[in-house]
Amino acid sequence: MSTPILEANGIFKAFPGVQALQDVSLSIHPGEVLAVVGENGAGKSTLMKIFAGVYQTDAGQIRWQGRVVAIKSVQRAQKLGIVLIHQELNLADRLDVAGNIFLGREPTWGGPLGIIRRKIWSESVPILHRIGLEVSPRTIVGDLPIGQQQMVEIARALSLKSNLLIMDEPTSSLTQRETERLYAVIRDLKKDGISILYISHRLKEVETVADRVVVLRDGRNAGELRKDEIRHEAMVRLMVGRELKQFFQRSPRQPGKRVLDVHELAWVGKSGGAINFTLRAGEIVGMAGLVGAGRTELAETIFGVRKRASGQIHVDGERVRIQKPAEAIRAGILLVPEDRRTQGLVLDASVRDNLSLPSLERLNRLRLVSRSRERALAQQQVDSLHVRTPGIGKTVGLLSGGNQQKIVLGKWLARNPRVLILDEPTRGVDVGAKTEIYALMDKLSTDGVAILMISSDLEEILGISDRVLVMHEGRLAGELTRDKLTEENVMRLATGGGLAR
Amino acid sequence: MKKFVGIVLFLLVVYGFLLVADPGARTLLNHFNLARRIGLYGIISLGAGMLIITGGIDLSIGSVVGFCATLFAMLLRVPFFEQAPILAILIVLLVGAWIGLANGVLVTQVRVQAFVVTLCGLFIYRGAARWLAGDSVKGLGNSCGPLKEALYSSTTLLGIDIWAPRSLLIFLLLAAVAIVFLHFSVYGRYFYAIGSNEKAASYSGIATSRYKILAYVLCSTMAAVYGMLLLMQENSAQPSSTGSFLELYAIAGAVLGGCSLRGGEGSVAGIVIGTSILVLLPNMSNMWGISSELDFTVIGGALLAGAILDEVLRRFGASAR
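These figures come from a predicted structure and were not determined experimentally. (Residues numbered from 1 in each chain as written. Chains lettered and ligands numbered in written order. Predicted model: local features only at pLDDT ≥ 70, side-chain atom pairs only at ≥ 80, totals over all residues. Heavy atoms only, no water.)

A. Broad picture of a nonpolar patch on the surface. Residues and elements named next belong to chain B. On the surface, L106, V110, V112, F115, V116, L119, F123 and I124 cluster together into a nonpolar patch covering about 700 Å² of accessible area. It is helix α6 (residues 114-132) that provides the largest number of residues to the nonpolar patch, a total of 5 residues. Positionally, F115 belongs in helix α6. (Patch = residues over 30% accessible without salt bridge, like charges linked within 9 Å, V, L, I, M, F, W, Y side chains within 5 Å. Areas by Shrake-Rupley, 256 points an atom, 1.4 Å probe, with all protein chains shown as cover. Salt bridge = Lys/Arg side-chain N within 4 Å of Asp/Glu carboxyl O. Helix = DSSP H or I, 4+ residues; strand = E, 2+ residues; numbered from the N terminus.)

B. Geometry of the nonpolar core. Membership of the largest hydrophobic core comes to 97 residues, with the highest contact counts inside it found for F72 and L76 of chain B. The element that contributes the greatest number of residues to this core is helix α11 (residues 208-234) of chain B, accounting for 14 residues. With residues up to four places along the chain from it excluded, the contact list for L76 of chain B reads F81, E82, P85, A88, L140, C144, L147, L231 and M232 of chain B. F277, A293, L377 and W412 of chain A belong to the second largest nonpolar core, which has 78 residues in total. (Core = buried A, V, L, I, M, F, W, Y, C linked by side-chain atoms within 4.5 Å. Buried < 20%, exposed > 50% of the residue type's maximum accessible area, 1.4 Å probe, protein only. Contact = heavy atoms within 4.5 Å.)

C. Examining the sheet that holds strand β15 (residues 318-320) of chain A more closely. Residues and elements named next belong to chain A. Reading across from one edge, β12-β11-β14-β15 is the order of the 4 strands in this open sheet, with antiparallel pairing throughout. This sheet does not close on itself; its edge strands, each paired only once, are β12 (275-280) and β15. The sheet shows a mean angle of 20° between the axes of neighbouring strands, direction not considered. Here 3 bridges tie strand β14 (residues 308-315) to β15, and the two strands are oriented antiparallel to one another. Its bridge partner being in β15, V315 is matched across the sheet by E318. Contacts from helix α10 (residues 295-303) reach β11 (258-267), β12 and β14 within the one sheet, and its direction differs from that of β11 by about 110°. (Pairing = 2+ DSSP bridges. Axes fitted to C-alpha atoms, helices over the stretch in contact; angles between N-to-C directions.)

D. Quick look at the packing of aromatic side chains. Residue and element names in this part refer to chain B. Counted under the stated rule, the structure contains 12 aromatic pairs over all chains. Arranged with centres 4.8 Å apart and planes meeting at 0°, the rings of Y41 and Y249 form a pair that is stacked. Remark: Y249 occurs in helix α12 (residues 246-256) and Y41 occurs in helix α2 (residues 28-53); sequence separation between them is 208 residues. The same class applies to Y41 as to Y249, namely buried. Aromatic pair F181 and F191: ring centres 5.3 Å apart, planes at 85°, arrangement edge-to-face. Placement of F181 in helix α8 (residues 166-184) and of F191 in helix α9 (residues 186-196) is noted, with a sequence separation of 10 residues between them. Per residue, the accessibility class of F181 equals that of F191, and both read buried. Grouped by ring-pair contacts, the aromatic residues F181, Y187, Y190, F191 and Y211 constitute a single cluster. (Phe/Tyr/Trp six-rings, centres within 6.5 Å; stacked < 30°, edge-to-face > 60°.)

E. Structural detail: the packing of helix α3 (residues 61-76) of chain B against α6 of chain B. Residues and elements named next belong to chain B. One can describe the packing of α3 onto α6 by two numbers: an axis separation of 8 Å at closest approach and a directional angle of 20°. Comparing the axis directions of α3 and α6 gives the class roughly parallel. Crossing of α3 over α6 shows left-handed handedness. Taking contact as the criterion, the partners of G62, S63, V64, G66, F67, T70, L71 and M74 in α3 are, on α6, G121, L122, Y125, R126, A128, A129 and L132. Residue composition of the contact of α3 with α6, grouped by class: 9 nonpolar, 5 polar and 1 charged. (Parallel < 35°, antiparallel > 145°, perpendicular 65-115°, else oblique. Left-handed = near helix turned anticlockwise from the far one by under 90°. Nonpolar A, V, L, I, M, F, W, Y, C, P; charged D, E, K, R; others polar.)

F. Quick peek at α10 of chain A. All names here are of chain A. Most of α10 sits inside the fold, with 8 of its 9 residues counted as buried. By the burial criterion, the buried members of α10 are R295, T296, L298, A299, E300, T301, I302 and F303. Taken from the residues just after α10, G304 is the one with a positive phi, measuring 85°.

G. Geometry of the sheet that holds strand β9 (residues 212-217) of chain A. Residues and elements named next belong to chain A. Pairing is mixed across the open sheet formed by 6 strands, whose spatial order is β6-β7-β8-β3-β9-β10. The open sheet has two edge strands, β6 (82-85) and β10 (220-226), and neither has a second partner. Within the sheet, the average angular offset between the axes of one strand and its neighbour, ignoring direction, is 20°. By the bridge criterion, 4 bridges tie strand β3 (residues 33-37) to strand β8 (residues 195-199) in an arrangement that is parallel. Looking at the pairing, A35 lines up with Y198 of β8. The sheet contacts of helix α8 (residues 232-240) involve β3, β9 and β10, and relative to β9 the element is tilted by about 25°.

H. Representation of the interface of chain B and chain A in the model. Each side of the interface is counted separately: chain B has 21 residues, and chain A has 29 residues. With both sides pooled, the region where chain B packs onto chain A buries about 2100 Å², and carbon together with sulfur makes up 57% of that total. Summed over the shared surface of chain B and chain A, the number is 2 salt bridges. Residues R189 of chain B and E374 of chain A are paired through a salt bridge, measuring 2.5 Å at the closest nitrogen-oxygen approach. For the pair chain B and chain A, the number of links is 12 residue pairs in polar contact (both at pLDDT 80 or more). Of all the elements in the fold, those that place two or more residues in the side of chain B that touches chain A are α8, α9 and α10 (198-203) of chain B. With 6 residues, the single largest contributor to the side of chain B that touches chain A is α9 of chain B. (Buried area = accessible area lost by both parts, 1.4 Å probe. Polar contact = N/O pair within 3.5 Å; in protein donor to acceptor, adjacent residues only side chain to side chain.)

Given below as structure tokens:
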């Protein structure tokens, strides 16, 4: 076998409050597509950012073409020939396509003011052609749909003439056609001897493109699969590390009376018809759909964050007017938002301050915060949710994702919810905390709370829901009761197809 | 906390250097004058600081001071208000509050950037003051003796002459109220939460717009208070210049005291200390023979050095973890 182009041995990396990587090793050969898979928070992105020079290792050795190297900066990585295509778009959206592709290395007439725009326009054409992006290099990037912006990002990486291309969730906003085109580009690159590190949640994609798979779990190597061993189930088994059954907890439940009725609901800017559904006390309803199907928008509209265009919301049969979150909370409808870091938590504040924030109205005398009652409330939630923190005074931003998510939940448990909407409750959460969150949801529903769980994680949807609503392009595409609940049926509805007879 | 210890030490160093500089610096009179100015500047820094903690900014403070001082001077020349100055005070406070309300509504409801809204305010209220006064100086002359007497004689408390200027006492009183408000009340919690992460605050059911507007109202009201106190001290208001650049002093005091313009950070005690540094620093450098023409340069340099040090320490602290 040839010398690996990149070889990493015993990589360690810690962030405040989390050990992101522990003794991780992998190697990749010239012209190989190595997929790195793992759950959110398994350490994939951290590892890739180490290779690309964004982060430094705490310990461990990296060899590049056999030589030990220290990748101290992104510039250093690029000089070696390692280019990372970020998961988030990193484009200057007021510049044109060519300007973005050549950003930072514009050919000039000798001075920084003399950018030869014609030259970058003409040089962009073959690059765009190669990835099958049919837009003019003079199009302003911000005017392109998001999928094409992602292709521009890929074009930029290709133009850097790299030996190792790291793609972090490259298809997350690509259409099927663009994805196919990307596969073709990857095959081309392989022929040229370029290696590709491919990170994806979409295991189907990994089956298609990968030559070898490395699985990470909780920041450690969990296993490796050769080309002929790459199968969906094999990857899931390594990722989760246990059988699925014990993972999800479902007590026998009997749904009670109707708690939430949503009638003809639509939000401003929504396409497709209005939405109707009902939640009953003590049931967990999963909500599936592809990214962009409108699930988060629906949750935000019910919670009063997003402007309602039409429709009504009833709680316990009575109509409630919800125009802002405070009104939803008063009606007993609580939302655990999609992005805990920007929407759920005040990261710089303490565990205690975060837990008490929505309850301060009840924790004060003469508008002064009662510190003792606040402490008691925070301590009670920390204990009952098993939040692992050195104390309730600890800054929330320093805790791990799973513990942060428990605190977002804890904020609301103190308010005795009637309806709890959870938007991607286990994204970026480690396996242990996931199990605890599922157990908590199970307990809440047996206590009579109506739960709507939005999730892109199909296993979770299948594992925990009593029934599932599926959204497709802004409308409810269908409902699946437990007896019809299969991965295939969910995907059919989510992609706009009908159910199998 | 470390930051707070740092600025306290800095204040002590400045004060130490001031004391050893010159016998004139050690006199009671110099202390009295410094205390009077700390009291005045402190009032607007307090208002600006609370607003900055919510993530807002107000560039119109100086013009609001000018407008309110001019308005107050003109009101006090009206015989009716001369008899009942308390009514004039109430009117000026209401005008200040109303200006803050307008700023807050424009920022939160119309969603114009705070920087732009208050930059426009800076022009608008300055022009309004000049128009209102016909661009002439509005003096009090010998009127309002009792009010001036009440505000600017030395203070007698329980029969003892304690030699503290009224402006300092008013500032300390306001600061005490602000400590309760910011650090112990529900409102203060909301101010910090909004400044740190407005979205999370809103998702927690807090009426974020209401509290942001409240911060603007407090800031402009403090400017009105300052305007009235300044008029009592100066005995006249010059509509074209009274209060110019004061917003920068107010913001500088708050920032020196540890408020972050990103929001969510700062304390009343810090603002008190920041303001004290702002006042003591030029006095200290003057006493050491540095020309007072360089006052702005000294203040600017200190602010910059503080900001650089803060950033360096933060980075050092982050890498040490």
